[in-house]
Amino acid sequence: KNEVEQSPQNLTAQEGEFITINCSYSVGISALHWLQQHPGGGIVSLFMLSSGKKKHGRLIATINIQEKHSSLHITASHPRDSAVYICAAYTNAGKSTFGDGTTLTVKP
Amino acid sequence: DTGVSQDPRHKITKRGQNVTFRCDPISEHNRLYWYRQTLGQGPEFLTYFQNEAQLEKSRLLSDRFSAERPKGSFSTLEIQRTEQGDSAMYLCASSLWQDGYTFGSGTRLTVV
């Protein structure tokens, strides 16, 4: 069992739909990191959160420390949101353990 | 500041050769990280520096791998006696403590 698990592995949505990607972790963390990776492109940090909720534009990330679970939500999804979304458990020691990513495809 | 720079972008090397990659982080960032990513997988943590000190090192980093950050600015990652299994994208990232986390574009290594 991976220390960081994401679901679903693949997700296809229609433009405008509300998207949820889930991340569960079994390691102790200081923060949970959400990343976005476009095909052939670099990795962009979306959120680093240790409690509660963060919002940036149409993206919302939540974390439940007791349940060791985080979710990334995308409201009013758009084809340009198509990418791989990766969560990572970040420790105080600076080490990150990554999930295998969720491939999101948003169709127009 | 143009972000995190990695050099070279691509490297093709013969098995058994040594290779060295360079990462220039964002200047005010004190933390620098190296990761490896193979196709279809999430990144794997390799090592991490806080200023010039290497504070954490993955078990993935065999004796053939070494990383330095001599003056707390740029970092190098060297792989000695490369093997085909070393073929991957090598990613560098930097942050100021846990803030402003920024990835470089990576160095793609192909060992033939």
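See the structure shown above.
Asks: Can you walk me through the layout of surface pockets in this structure?
Replies: Each pocket or cavity is described by its volume, and for the largest pocket that value is around 550 Å³. For the largest pocket, the lining is made up of 26 residues, of which A:Gln37, A:Gly40, B:Gln37, B:Leu39 and B:Gly40 are closest to its centre. Its residues assigned to classes, the lining of the largest pocket shows six nonpolar, 17 polar and three charged. Reported here for the second largest pocket is a volume of approximately 450 Å³. Every residue lining the second largest pocket is counted, 20 residues in all, and those nearest its centre are A:Glu3, A:Thr97, A:Phe98, B:Glu44 and B:Leu60. Listed by contribution, the elements that provide at least two residues to the lining of the second largest pocket are strand 10 (96-98) of chain A together with strand 5 (44-50) and strand 6 (53-57) of chain B. In terms of residue class, the lining of the second largest pocket is built from five nonpolar, eight polar and seven charged.

Asks: Would you take a moment to explain the sheet that holds strand 3 (residues 19-24) of chain B for this structure?
Replies: Two strands in a sheet stick together by hydrogen bonds in their backbones, pointing the same way (parallel) or opposite ways (antiparallel). All names here are of chain B. Strand order in the open sheet formed by four strands is 1-3-8-7, and the pairing between neighbours is antiparallel. Taken across any chain shown, the strands that pair with only one partner, and hence form the sheet edges, are strand 1 (5-7) and strand 7 (65-68). Strand-to-strand, the axes of this sheet are offset by a mean angle of 15 degrees, without reference to chain direction. Bridging between strand 7 and strand 8 (residues 75-79) involves four bridges; their strand directions are antiparallel. Across the sheet, residue phenylalanine 65 finds its bridge partner in strand 8, namely isoleucine 79.

Conventions and cut-offs
Residues numbered from 1 in each chain as written. Chains lettered and ligands numbered in written order. Predicted model: local features only at pLDDT ≥ 70, side-chain atom pairs only at ≥ 80, totals over all residues. Heavy atoms only, no water. 1 Å grid on protein atoms, 1.4 Å probe; cavity = no way out; pocket = protein on both sides within 12 Å on 5 of 7 lines; lining within 4 Å. Points joined across faces, edges and corners; volume = space filled by probe spheres on them. Nonpolar A, V, L, I, M, F, W, Y, C, P; charged D, E, K, R; others polar. Helix = DSSP H or I, 4+ residues; strand = E, 2+ residues; numbered from the N terminus. Pairing = 2+ DSSP bridges. Axes fitted to C-alpha atoms, helices over the stretch in contact; angles between N-to-C directions.

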